[in-house]
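Chain by chain, the residues:
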Amino acid sequence: MAIEVVTFGCRLNSVESEALRLQAEAAGLKDAAIVNSCAVTAEATRQARQAVRRLKRERPGRPVIVTGCAAQIEPARFAAMPEADRILGNDEKLKPESWAALARSNSLGEPGAATAEKIAVGDIMARSTLRAPLTGRLPDHTRGFVQVQNGCDHRCTFCVIPFGRGNSRSLPEVDVVAQCRRLVEAGSREIVLTGVDLTSYGRDLAGEPTLGALVHAILRALPELPRLRLSSIDAVEVDETLRDLIATEARLMPHLHLSLQAGDDLILKRMKRRHSRTDAIRFCAEIRNLRPDIVFGADLIAGFPTEDEAMFAHSLSLVEECGLSFVHVFPYSARPGTPAARMPQLPGTIVAERAARLRAAAELAQKHHLGERIGRRLSVLTERGNTGRAEDFTLVRFSRDIAAGQIVSATSHAADGRALLAA
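Given the structure is predicted, the values throughout are model-derived calculations rather than measurements.

Colleague: Any details on the overall build of the protein chain? Residues and values, ideally.
Modeller: Broken down by element type, the protein chain carries 14 helices and 18 strands. Projected onto the principal axes, the alpha-carbon positions of the protein chain cover approximately 60 × 55 × 50 Å. For the protein chain, restricting intrachain contacts to residue pairs at least 6 apart in sequence, the fraction spanning at least 24 positions comes to 73%. Split by element, the accessible area of the protein chain, about 17400 Å² in all, is 53% carbon and sulfur.

The following block contains the structure:
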């Protein structure tokens, strides 16, 4: 029977899910369910626990293996679930020997086994090098994804992810280029570079190469690669080489997703972020001046502890002042052990109401973005389901059957609020 992998959270988790599925199959593990969890919010952890229960309920005899950030941070909590058979840490999940051991035991422990016997979770903070997952293209994706960095050295007061991912670690340039080459040879027309703190790339490597240097090396080594894209970045860490490439390199896609989190200076300080409101607005203006077709997305948190209505208004207005087209809204979620969890919390009703207002502003911004592109000629990388992504990441829906994995020219005639519509 096939291995079923249920993935929560970020794009990096999706990349790793495919890698661990391939490793599990290579080890000979059969008929198992794997939950690759996320810990970014309490809701993400709740959904992972819910999935564990559902998978065991659907097929009681099938082993359920739990891994990912929530499993790394709270292994005992997951091990205490009778539905969970094994708990693997974020480092252990990428070790072939972990899956070989599970294959030998078929993942199931003895009935009534102590919770500690289920756990294989090491000290993620002790990891000093990056174990890069080798994958092909993800199932149902036409783009290729390459993990170039993991972990984070920053300690934002709301964030628990460094405790699930460890300190920042980078993949050497030669390994990144080799993975990109494999994806291009397998037919990928676009490659996305992923990481937890992507713009910290290289600080742990000899010579401290920057993300810009890495992007330049990939484009130089692979002239046949049509499109290269970056996942979420920290604007304050963008280096000069990367700025120059954004301005001059057409194959680097004109879409940047920014980790902004808030638009009020006092809240940003309490979050322990490294930029101010002015920094964010100035960065967007400067990059837009360098490349007028650039499109920005961002992460924003609503209802951070101590946020009053005026502070929230600053975050709300940031959508317009930065010219954001795609916004991911997160209602603040207190994570145990973080400094923000010890700050004065807002009532849940206020957090939910502010998140709803922020989402409404984001929807209006996206509709404006789509409206501006109706009638424009776009270069679109087609995906399954007769959809595709333009260079600026705009979703395009085709009214006809179209094969996935092609770069086609299309003109939209309308928009539906989420995507452009094209013949």
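Colleague: Any details on the pattern of salt bridges? Residues and values, ideally.
Modeller: Any two side chains of opposite charge can pair, so long as their charged atoms come close to each other. Counted according to the given criterion, the structure contains 33 salt bridges. The salt bridge involving Arg-229 is made with Glu-190; its shortest N-O contact spans 2.8 Å. With Arg-229 in strand β10 (residues 227-230) and Glu-190 in strand β9 (residues 190-194), this residue pair connects regions lying 39 residues apart in the sequence. Each member of the pair Arg-229 and Glu-190 is classed as buried. Note that Glu-240 is salt-bridged to Arg-243, the shortest N-O span being 3.9 Å. Here Glu-240 pairs with Arg-243, and both are found in helix α10 (residues 240-248), just 3 residues apart, close to one helical turn. Residue class for Glu-240 comes out exposed when judged on its relative accessible area of 53%.

Colleague: Got a sec to walk through unusual backbone geometry? Specific residues and values, please.
Modeller: Here Gln-261, not a glycine, exhibits a phi torsion of approximately 75 degrees, which is positive. Within the secondary structure, Gln-261 sits in strand β11 (residues 255-261). Among the residues examined, Gln-261 registers a relative accessible area of 8% and is labelled buried. A positive phi angle, close to 80 degrees, is found at Phe-393, a residue other than glycine. Secondary-structure assignment places Phe-393 in the loop between β15 (387-390) and β16 (395-398).

Colleague: How would you explain the packing of aromatic side chains if you had to name every residue and give the values?
Modeller: This model, assessed by the stated rule, comprises 4 aromatic pairs. Taking the centre distance of 5.5 Å and the plane angle of 75 degrees together, the rings of Phe-304 and Tyr-332 count as edge-to-face. Highlighted residues: Phe-304 in the loop between β12 (295-302) and α13 (309-321) and Tyr-332 in the loop between β13 (324-331) and α14 (348-373), separated in sequence by 28 residues. For the pair shown, Phe-304 and Tyr-332 are each scored as buried.

Colleague: Describe the packing of α13 against α14, naming the residues involved and giving the relevant values.
Modeller: At their nearest, the axes of α13 and α14 sit 9 Å apart, and the two run at 20 degrees to each other. Relative to α14, the element α13 is oriented roughly parallel. The handedness of the crossing between α13 and α14 comes out as right-handed. Residue-level inspection shows Glu-309, Phe-312, Ser-315, Leu-316 and Val-319 of α13 in contact with α14, the latter providing Arg-354, Arg-357, Leu-358, Ala-361 and Ala-365. Each residue belonging to the contact of α13 with α14 can be placed in one class, and the counts come to 6 nonpolar, 1 polar and 3 charged.

Colleague: Describe the environment of Ala-126, and please don't skip the residues or the numbers.
Modeller: Its place among the elements puts Ala-126 in the loop between β5 (119-120) and β6 (144-147). Judged by relative accessible area, Ala-126 falls into the exposed class, the value being 55%. Considering only alpha carbons, one finds Ala-126 and Asn-167, 41 residues apart in sequence, at a separation of 8.4 Å.

Colleague: Let's hear about the sheet that holds β10: which residues, and what values?
Modeller: Pairing is parallel in the open sheet, where 3 strands are placed in the order β6-β9-β10. Here the strands that pair on one side only, and so sit at the sheet edges, are β6 and β10. Ignoring which end each strand starts from, the neighbouring axes of this sheet average 25 degrees apart. The pairing of β6 with β9 spans 4 bridges and is classified as parallel. Looking across to β9, one finds that Gln-147 is bridged to Thr-194.

Colleague: Can you explain the sheet that holds strand β14 (residues 377-383)? Please cite residues and give values.
Modeller: The 5 strands are arranged β14-β15-β16-β18-β17 in a closed barrel whose pairing can be described as mixed. The average angle at which neighbouring strand axes cross in this sheet is 50 degrees, direction not considered. Where strand β17 (residues 407-415) meets strand β18 (residues 420-422), 3 bridges bridge the pair, whose relative direction is antiparallel. Looking at the pairing, Ala-414 lines up with Leu-421 of β18.

Colleague: Describe in detail the environment of His-314, supporting the description with residues and values.
Modeller: Its location among the elements puts His-314 in helix α13. Look at His-314 and you get partly exposed, because its relative accessible area is 34%. Distance from His-314 to Asp-264, taken between C-alpha atoms, is 5.3 Å for residues 50 residues apart in sequence. If we skip the residues at most four places from it in the chain, His-314 touches Gly-263, Asp-264 and Arg-277. Engagement of the side chain of His-314 in a polar contact is seen with the side chain of Asp-264, the distance being 2.7 Å.

What counts and what doesn't
Residues numbered from 1 in each chain as written. Predicted model: local features only at pLDDT ≥ 70, side-chain atom pairs only at ≥ 80, totals over all residues. Heavy atoms only, no water. Helix = DSSP H or I, 4+ residues; strand = E, 2+ residues; numbered from the N terminus. Contact = heavy atoms within 4.5 Å. Areas by Shrake-Rupley, 256 points an atom, 1.4 Å probe, with all protein chains shown as cover. Salt bridge = Lys/Arg side-chain N within 4 Å of Asp/Glu carboxyl O. Buried < 20%, exposed > 50% of the residue type's maximum accessible area, 1.4 Å probe, protein only. Phe/Tyr/Trp six-rings, centres within 6.5 Å; stacked < 30°, edge-to-face > 60°. Axes fitted to C-alpha atoms, helices over the stretch in contact; angles between N-to-C directions. Parallel < 35°, antiparallel > 145°, perpendicular 65-115°, else oblique. Left-handed = near helix turned anticlockwise from the far one by under 90°. Nonpolar A, V, L, I, M, F, W, Y, C, P; charged D, E, K, R; others polar. Pairing = 2+ DSSP bridges. Polar contact = N/O pair within 3.5 Å; in protein donor to acceptor, adjacent residues only side chain to side chain.

That's the geometry; what it means functionally is another story.
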